[in-house]
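So you can see what is in the structure, the chains are spelled out below.
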Amino acid sequence: MKDIIMSGQIVDFILIVFGVELLVLGFAARGKQAGLKLGRLISVIVPGLCIFLALRAALVGADWTVIALFLVLSGMAHAFDVWLRWTELSAHDERARSKREAT
């Protein structure tokens, strides 16, 4: 088990799980009103994906700049996801307020 973790293979497995999860959720939401659209799913998954890539880079002894790059990308992707959620919530609140005022 130690060799699997220290070689980064555990992260490879986790990345495969990320991919399968993205495919399953993408196909489940396809053509339905339920679930997240593929673009939204990607914005949710990318921050975690970048964190795991940083972990893998650290485990295999990559240069600190590679690790830092993945961490910065993760932070940027997370900030983008938060911004998307904030704007979606604001739009939802505005529609609800307009509906109440119309009745």
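See the structure printed just above.
Residues numbered from 1 in each chain as written. Predicted model: local features only at pLDDT ≥ 70, side-chain atom pairs only at ≥ 80, totals over all residues. Heavy atoms only, no water.

Engineer: Explain the environment of Leu 71 to me, and be specific about the residues and the numbers.
Structural biologist: Summarising the element assignment, Leu 71 is placed in helix H4 (residues 64-102). Distance in space between the C-alpha atoms of Leu 71 and Gly 48 is 9.9 Å, their sequence separation being 23 residues. Sequence-distant contacts of Leu 71, that is, excluding residues within four places in its chain, are made with Ile 51 and Ala 54. (Helix = DSSP H or I, 4+ residues; strand = E, 2+ residues; numbered from the N terminus. Contact = heavy atoms within 4.5 Å.)

Engineer: Let's hear about the pattern of salt bridges: which residues, and what values?
Structural biologist: Under the counting rule described, the total for this entry stands at four salt bridges. Of the charged contacts in the structure, one is a salt bridge between Asp 12 and Arg 56, with a shortest N-O distance of 2.6 Å. Of this pair, Asp 12 sits in helix H2 (residues 9-29) while Arg 56 sits in helix H3 (residues 38-59), and the two are 44 residues apart along the sequence. A single network of salt bridges, built from pairs that share partners, joins Arg 40, Asp 81, Arg 85 and Glu 88. (Salt bridge = Lys/Arg side-chain N within 4 Å of Asp/Glu carboxyl O.)

Engineer: Please set out H2 residue by residue, giving values where relevant.
Structural biologist: Relative to the 30 Å expected for 21 residues at 1.5 Å per residue, H2 spans 30 Å between its end C-alpha atoms, a close match to the ideal helical length. Where H2 is concerned, the buried positions are Val 11, Phe 18, Gly 26 and Ala 29. Projection of H2 onto a plane perpendicular to its axis shows the buried side chains occupying an angular sector of 75 degrees, all on one side. Every exposed residue of H2 that faces more than 90 degrees away from the buried side is listed here: Phe 13, Ile 16, Leu 23, Val 24 and Phe 27. Against the buried residues of H2 lie H3. (Expected span 1.5 Å × (residues − 1). Buried < 20%, exposed > 50% of the residue type's maximum accessible area, 1.4 Å probe, protein only. Arc of directions from axis to C-beta.)

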